[in-house]
Protein chains: 4
Amino acid sequence: MAGSTYGTLFRITTWGESHGPAVGVVIDGCPAGLALSEQDVQKYLDRRRPGQSRFTTKRKEGDTAEILSGVFEGKTTGTPISIVVRNEDQRSHDYGRLKNCYRPGHADYTFDVKYGFRDFRGGGRSSGRETIGRVAAGAVAAKLLKELGITFTAYTKSIGAICVPQQEYQFKDIMENALYMPNNTYAERASEYLDCCIKNQDSSGGVIECMIDGVPAGIGETVFQKLDASLAGAVMSIGAVKGVEIGDGFAAAKAAGSENNDAFFYEEGHICKRTNHSGGVLGGISDGSPIILRAAIKPTPSIGKEQETVTDAGENTILVITGRHDPVIVPRAVVVVEAMAALTILDLLMINMSARLESLRDFY
Amino acid sequence: MAGSTYGTLFRITTWGESHGPAVGVVIDGCPAGLALSEQDVQKYLDRRRPGQSRFTTKRKEGDTAEILSGVFEGKTTGTPISIVVRNEDQRSHDYGRLKNCYRPGHADYTFDVKYGFRDFRGGGRSSGRETIGRVAAGAVAAKLLKELGITFTAYTKSIGAICVPQQEYQFKDIMENALYMPNNTYAERASEYLDCCIKNQDSSGGVIECMIDGVPAGIGETVFQKLDASLAGAVMSIGAVKGVEIGDGFAAAKAAGSENNDAFFYEEGHICKRTNHSGGVLGGISDGSPIILRAAIKPTPSIGKEQETVTDAGENTILVITGRHDPVIVPRAVVVVEAMAALTILDLLMINMSARLESLRDFY
Amino acid sequence: MAGSTYGTLFRITTWGESHGPAVGVVIDGCPAGLALSEQDVQKYLDRRRPGQSRFTTKRKEGDTAEILSGVFEGKTTGTPISIVVRNEDQRSHDYGRLKNCYRPGHADYTFDVKYGFRDFRGGGRSSGRETIGRVAAGAVAAKLLKELGITFTAYTKSIGAICVPQQEYQFKDIMENALYMPNNTYAERASEYLDCCIKNQDSSGGVIECMIDGVPAGIGETVFQKLDASLAGAVMSIGAVKGVEIGDGFAAAKAAGSENNDAFFYEEGHICKRTNHSGGVLGGISDGSPIILRAAIKPTPSIGKEQETVTDAGENTILVITGRHDPVIVPRAVVVVEAMAALTILDLLMINMSARLESLRDFY
Amino acid sequence: MAGSTYGTLFRITTWGESHGPAVGVVIDGCPAGLALSEQDVQKYLDRRRPGQSRFTTKRKEGDTAEILSGVFEGKTTGTPISIVVRNEDQRSHDYGRLKNCYRPGHADYTFDVKYGFRDFRGGGRSSGRETIGRVAAGAVAAKLLKELGITFTAYTKSIGAICVPQQEYQFKDIMENALYMPNNTYAERASEYLDCCIKNQDSSGGVIECMIDGVPAGIGETVFQKLDASLAGAVMSIGAVKGVEIGDGFAAAKAAGSENNDAFFYEEGHICKRTNHSGGVLGGISDGSPIILRAAIKPTPSIGKEQETVTDAGENTILVITGRHDPVIVPRAVVVVEAMAALTILDLLMINMSARLESLRDFY
């Protein structure tokens, strides 16, 4: 157990269920001296909040962050930052058959087997609301990283078969369409596809891409705590993620070495690369180029179509999930991927500070 | 730092460079009572040993495992198992220009930036020899898991564009061809492609797949220590891996929910699934189906072709790596993927034992 | 950093400052199925609450526990339990000179050096209120351990020079006197001594003892995670503790081996010991006897007497701390020692479940 | 399990049994650039080696350290340092009754209960030889710390009732007498007492003290990873330690606050303390004064006298341990205490580097 903690020096612990009183996070190890307000956190939470477009659940949650510790006179103190978000929409529902059915594609069955028990009220700890803690913590990490010149650009690369090619990226579009795609035209096409999904009582998956600029070379620990390994574990821990790539990813498996190797060259005092197939990571350590990662998100498992399943009493049955459900969770997961990337990068930046004896000598 | 340790309860620490006196691993937390001999470890090491086919390096290493602790009268004692493999091929080379050049696609540059220093003798800690410790430990984990009915089938799914489709898998072929492909005909085609690569002084990547049978439902911790997240981090930590998938992986991102959901049904006292798009993991917890994971391996970065690069003095130069190099590392990495999967599964199995109060009551 | 998390499988993360909005704890890894209510937690919190006798601060804090997650239909779910206690007494004070003075015996100076900053409002994170999270979590651990037959008896062994000898222990007295001493007569004498301290504007230290019954033999991991090492680290982490002993402790250093060894004998199917100098731990592993530990608590550093000190501007000055302060913190720390012991024992009990292959075989 | 690893950033993993082929340690996270040779390690190992005086076992062990990785061209590389010490004295003994008896004061019984098994050849993992790994790693940590101006002075403060008072410390004497006491006259008295113990087939305990100079203020993490808590856990993890004190320790429990508080004053640009009752730690963070810790060591449990015990078959019996045994282990444990202190201090120094945002800003 104890799987709700992430990070070594910058360490977060998330908690909370979808239908309990609140969800939240404790951030431990945040360096002292960072200007931080609830507004900084709120901006990130708003990006994953439901009810923002016709493709996201209508559940009305203000998702208001309250900081309960670790900030004094507007700055972080070095001690744990506790952030709580109250669940507003807790009214009692009639869960009906859902209470006893294992929904396909959900964690109902696996939680029941593991814990001898499950919270049938909307997924409990396996609900998407679990990510609120991650995003709140990610907001703090991202703010700190920005002060070090490290920035994140995350977006929806594809929804179903509609994929924005790299050469058509328009980063200014990302915040202009409800799907957070880096091209409004593609976003429109994806919207049409999603309308189709809704009509068919079906859902769609997609791919999220995250580019990280400004990470200095040298970040990541050898062997098991490599930068790419840490990012992969972090991103795969997000609910619906089924695949992770760094740089060229699976395409590299088909490439020749002469295509995939990035040539080095020297220019104006800096070592640079002609290409970035590596996605900014060599031997598990950042190489100074932008870090590029992608996450494959499966289609929302809650669909209106009839589905074959079993009850917890072991009877075969047909399940129909009623009510509105998001036909896609990709857009809301964009900020979650960004958050996990920020948490990972910051932790590894802090760990790297003691890599050399001369750094200790300079510091002490 | 301290990135060379993996696992919580079943925990390994690997050490050693390619050209130092030895490489090895300490396995801590192995349950007492497992019959274990050096031969058990050797069988796994032999699968990653060089010199087995015309596609692997000619470096002659017996790679003989010596167990220095933790086994008494043929059984594990519950205390750390230290395994050492001496490096036999340490003769002094003339590294020539390699000594001062950053090889494209290698970790030379990133190690130098991080540590202010690099071991120019063949990659040091970033060498493929680092995986010997993983494989030795994986052999122990796999042996223990076999006693619990959990087995692994790992193989080369594709090399370059030559990919064995699932419906043509012949698992008995895996050990019959030097590429560990589950179909000898495809293996032959891949061999021809690799001969081509050699002729072109180039190299190829590929995809490794691993199926894990017999894992009971309920394994994996919620949120950050999910089964799939743990596997992804573990597998991405292997040197040349650039992507990881669970179940349908990136294909799920293109699928509809109605296609991707696995229907449950009840049969002979068991809850089963009609399909296994999930790859055996739901909500980060095993669902009782076979676990399926894939790793994308980049092409070997050491190629004979001329490459543009820089020296550690900051001069642009052209690098030609002479000597023979593996045109592909995929076949030798198969057992490494299997080892990382075994280490992950065993650790999570042990952690899961205290998930319920009633388990503690039964135990104590 | 990241020092606010304790435990491996049963893992807690505490947060909160004395004068922030709240303090709390997240308990991760609590086994599913434990009946738990806020009342269970409240009973423990009440034992450390201020305002209970003339020797404890008058600060009025209800210290009411609110459980925000991890409990469903009255039982733990296996997911994180978040417990929050609002700080009621946050009104703005005139901290006057305290704001700029480093109080002797306090952490004002060390926090300032470390973080470049300190929370001058009553100690911030180094305040005794930090222990609320420990005690709330300890209440959960102790309740679970009780179901396994493991119980704790903690009490004030001595205050200043007034020490209750073992042969005069009356455990029923513990809850009858405000000092939690196991003998009301000694408690009265100690009270007189404390009145004297108050009159002298001075304070007193003391010793807390904790006996743990029912721990089965075999608990504790070898080498660094020994039962006694874990208890020592846990108990020494409580604010004012300056020494820890297991069994005979420092007295063992003066004893002869023939006195200190505990003879084994066999009786009615059990291996027993004639004496318990070891305090229930041999080789870092529980031996089935009661576990006995002691903690030395330093005198409250806040005293009314004039004290020489410096300001944060580096000026020598004389400090007079006005207002009422506890002349002793020992009685309020008794439940904190018990809590840390419970957290440690439970974590090690859970870890021990995978010590043998046959246990895994039985479980799976 | 997995109790053989210590530390967060500077992390060691020890392994090996007394009668296996070897013992050793892997040091992970050692900063790159430290000049290190086997001789640096040997100097420390020689201080705990047997056979140095008439009070230590005659077992002949050269205890020669071999470094197998992590050092290149005489300097640490930042990757794991593996150190192995072969056990020379492994000849087969006739263990006779020891094989089936649980020796009082030893871990025979507790290992057997825990693992269903024990290594009857001299204690296995619970043997004093386990500390070789700690000492080898401590040698590396101490060498690095010396470069930062941090030095250790460890010695035998008392043996049985013979205790060197602080005012009679002669630090130059420590290396002049076989007992490592800081006063040769007291050492002579203690030797006479030990001769007496030998004659009586009995043994003695004692107290070790360690002073650490040069630790800057600000080291130690709040709450659970405090400097004193970390030291206490580290030192209590040494085999025979039954008590740990920081600064005045248990004496503080009897003192008044006005006596125990250390007054601050300002002199020549530095904040100093008039006294050092705190032992250099306030609120779990170093205060810039020397750190002082003491460990109580129990008498050697192996004594020649007849002892009552049980066999592993559950029969009451009388045990007589034949052969020569150390009448005291205190002198040999001095360097072990020093090693554990060095490992702890270095790890916390490294962790502290990211306590402030401005440190990250300066570094990156």
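Now for a description of the structure that goes with this document. (Residues numbered from 1 in each chain as written. Chains lettered and ligands numbered in written order. Predicted model: local features only at pLDDT ≥ 70, side-chain atom pairs only at ≥ 80, totals over all residues. Heavy atoms only, no water.)

## A short note on the overall build of chain A
The test is simple: A run of H or I in DSSP becomes a helix once it reaches four residues, and a run of E becomes a strand once it reaches two; helices and strands are each numbered from the N terminus. For the exposure calls, accessible area comes from a 1.4 Å probe over protein chains only, and a residue counts as buried if that area is under 20% of its type's maximum, exposed if over 50%, partly exposed in between. In what follows, a contact means two residues having at least one pair of non-hydrogen atoms within 4.5 Å.
A count of helices and strands for chain A gives eight helices and 18 strands. Along the longest, intermediate and shortest principal axes, the C-alpha atoms of chain A span 65 × 50 × 40 Å. Out of the 364 residues belonging to chain A, those deemed buried represent 69%. Restricting to contacts in chain A with at least 6 residues of sequence separation, those with at least 24 account for 68%.

## Re the interface of chain A and chain B
Applicable threshold: Note on terms: buried area is the combined drop in 1.4 Å-probe accessible area of two parts once they are placed together, counting the loss on both. Here, a salt bridge means any Lys or Arg side-chain nitrogen found within 4 Å of an Asp or Glu carboxyl oxygen. Identification of polar contacts relies on pairs of N or O atoms within 3.5 Å, with a donor-acceptor requirement for protein atoms, meaning one able to donate a hydrogen and the other able to accept it, and with residues adjacent in sequence counted only if both atoms are side-chain atoms. Gly is placed with the polar residues, together with every amino acid not listed as nonpolar (Ala, Val, Leu, Ile, Met, Phe, Trp, Tyr, Cys and Pro) or charged (Asp, Glu, Lys and Arg). When DSSP finds at least two bridges between two strands, those strands are taken to pair.
Taken together, the contact between chain A and chain B spans 104 residues of the former and 104 residues of the latter. In total, chain A and chain B occlude about 8100 Å² of area from one another, counting both sides; carbon and sulfur atoms represent 59% of this. With a closest N to O distance of 2.6 Å, Arg 274 of chain B and Glu 308 of chain A form a salt bridge. At the boundary of chain A and chain B, one finds 43 residue pairs in polar contact (both at pLDDT 80 or more). Along the lines of polarity and charge, the residues of the side of chain A that touches chain B split into 46 nonpolar, 37 polar and 21 charged. In terms of strand pairing, strand β11 (residues 241–246) of chain A meets strand β11 (residues 241–246) of chain B through three bridges, oriented antiparallel. If you follow Glu 245 of chain A over to β11 of chain B, its bridge partner there is Gly 243 of chain B.

## Overview of the relation of the copies chain A and chain B
The criterion, for reference: All copies are superposed by least squares; the fitting set is the C-alpha atoms of residues with a pLDDT of at least 70 in both.
When chain A is fitted onto chain B, the two copies agree to an RMSD of 0.0 Å after a turn of 180° and an axial shift of 0.0 Å. Both copies of the chain, as the preceding transformation shows, are related through a two-fold rotation axis. Among all residues of chain A, the one whose C-alpha sits closest to the rotation axis is Gly 233 of chain A, at a distance of 2.0 Å. Interface overlap between copies is the fraction of interface residues in one copy that are interface residues in the other; for chain A against chain B it reaches 100%, indicating a shared surface.

## Some thoughts on the sheet that holds strand β2 (residues 11–16) of chain D
Residue and element names in this part refer to chain D. Our working definition: The axes used here are C-alpha line fits, helices contributing only the stretch in contact, and every angle between their N-to-C directions lies in the interval 0 to 180 degrees.
The five strands are arranged β1-β2-β3-β7-β4 in an open sheet whose pairing can be described as antiparallel. Strands with a single pairing partner mark the edges of an open sheet, and in this sheet they are β1 (5–6) and β4 (65–67). As judged from the three bridges shared by β4 and strand β7 (residues 81–86), these two strands associate in the antiparallel manner. Looking across to β7, one finds that Ala 65 is bridged to Val 85. Lying on the sheet, helix α3 (residues 131–147) is in contact with β2, β3 (22–28) and β7; it crosses β3 at an angle near 35°.

## Description of the packing of aromatic side chains
For clarity, the threshold we go by: Paired rings are identified among Phe, Tyr and Trp, the last through its six-membered ring, by centres lying within 6.5 Å, and are further divided according to the angle between planes into stacked (under 30 degrees), edge-to-face (over 60) and tilted (the rest). Charge-over-ring contacts are defined here by two conditions on Lys NZ or Arg CZ: a distance within 6 Å of the ring centre and an angle within 35 degrees of the ring normal.
Within this structure, the stated rule accounts for 42 aromatic pairs over all chains. Plain terms: the ring middles of Phe 111 of chain C and Tyr 115 of chain C are 5.6 Å apart, the flat faces sit at 55° to each other, and that makes the pair tilted. One end of the pair is Phe 111 of chain C and the other is Tyr 115 of chain C, both in helix α2 (residues 108–115) and four residues apart, which spans about a single turn. Its relative accessible area of 9% is what places Phe 111 of chain C among the buried residues. Aromatic pair Tyr 169 of chain D and Phe 171 of chain D: ring centres 5.7 Å apart, planes at 45°, arrangement tilted. Since its relative accessible area comes to 14%, Tyr 169 of chain D is described here as buried. The exposure class assigned to Phe 171 of chain D is partly exposed, which follows from its relative accessible area of 39%. Taken together, the ring pairs connect Tyr 102 and Tyr 109 of chain A together with Phe 264 of chain B into an aromatic cluster. The aromatic ring of Tyr 186 of chain B is capped on one face by Arg 189 of chain B, whose charged end is 4.4 Å from the ring centroid. Positioned over the ring face of Tyr 115 of chain D is Lys 114 of chain D, at 5.8 Å from the centre of the ring.

## So, the sheet that holds strand β1 (residues 5–6) of chain B
The strands making up a sheet are joined through hydrogen bonds of the backbone, oriented either antiparallel or parallel. Residue and element names in this part refer to chain B. Read from one edge of the open sheet, five strands run β1-β2-β3-β7-β4, paired in antiparallel fashion. Edge strands, defined here as strands with exactly one partner in the open sheet, are β1 and β4 (65–67). Sheet topology note: the strand β3 (residues 22–28)/strand β7 (residues 81–86) ladder contains six bridges and is antiparallel. When the sheet's bridge partners are listed, Val 26 is paired in β7 with Ser 82. With respect to the sheet, helix α1 (residues 38–48) is in contact with β4 and β7, its orientation differing from that of β4 by roughly 150°. Docked against the sheet, helix α3 (residues 131–147) engages β2 (11–16), β3 and β7, running at close to 35° with respect to β3.

## A closer look at α2 of chain C
All names here are of chain C. With seven of eight residues buried, α2 is to be regarded as a mostly interior element. Along α2, the positions that sit buried rather than exposed are Asp 108, Tyr 109, Thr 110, Phe 111, Asp 112, Lys 114 and Tyr 115. Looking one or two residues beyond α2, the residue adopting positive phi is Gly 116, at roughly 70°.

## A few points about the packing of helix α5 (residues 227–236) of chain B against helix α7 (residues 330–352) of chain B
Residues and elements named next belong to chain B. What counts is decided by this rule: Two helices crossing with the near one rotated counterclockwise from the far one by less than a right angle form a left-handed crossing, whereas a clockwise rotation gives a right-handed crossing.
In contact at an axis separation of 9 Å, α5 and α7 are set at 145° when each is read in the N-to-C sense. Here α5 runs over α7; the crossing is right-handed. Taken together, the residues of α7 that come into contact with α5 (itself represented by Leu 227, Ser 230, Leu 231, Ala 234 and Val 235) are Val 337, Met 340, Ala 341, Thr 344, Ile 345 and Leu 348. Class assignment of the residues belonging to the contact of α5 with α7 gives a composition of nine nonpolar, two polar and no charged.

## Section: the relation of the copies chain B and chain D
For the pair chain B and chain D, the best superposition has an RMSD of 0.0 Å and corresponds to a rotation of 180° with a translation of 0.0 Å parallel to the axis. Most of the interface of chain B is mirrored in chain D, where 100% of its interface residues again form contacts.

## Quick word on the pattern of salt bridges
All names here are of chain A. Summed over all chains, the structure comprises 72 salt bridges over all chains. Salt-bridge contacts for Glu 338 lead to Arg 47; the nearest nitrogen and oxygen are separated by 2.8 Å. Here Glu 338, found in helix α7 (residues 330–352), pairs with Arg 47, found in helix α1 (residues 38–48); they are 291 residues apart in sequence, far enough to count as distant. Pair check on accessibility: Glu 338 and Arg 47 agree, each one buried. A salt bridge links Asp 287 to Lys 273; the shortest N-O distance between them is 2.6 Å. With a gap of 14 residues between them, Asp 287 in the loop between β15 (285–286) and β16 (291–297) and Lys 273 in strand β13 (residues 270–273) connect regions that are remote in the sequence. Since its relative accessible area comes to 13%, Lys 273 is described here as buried. Sharing partners across several salt bridges, the network here consists of Arg 48, Asp 63 and Arg 129.

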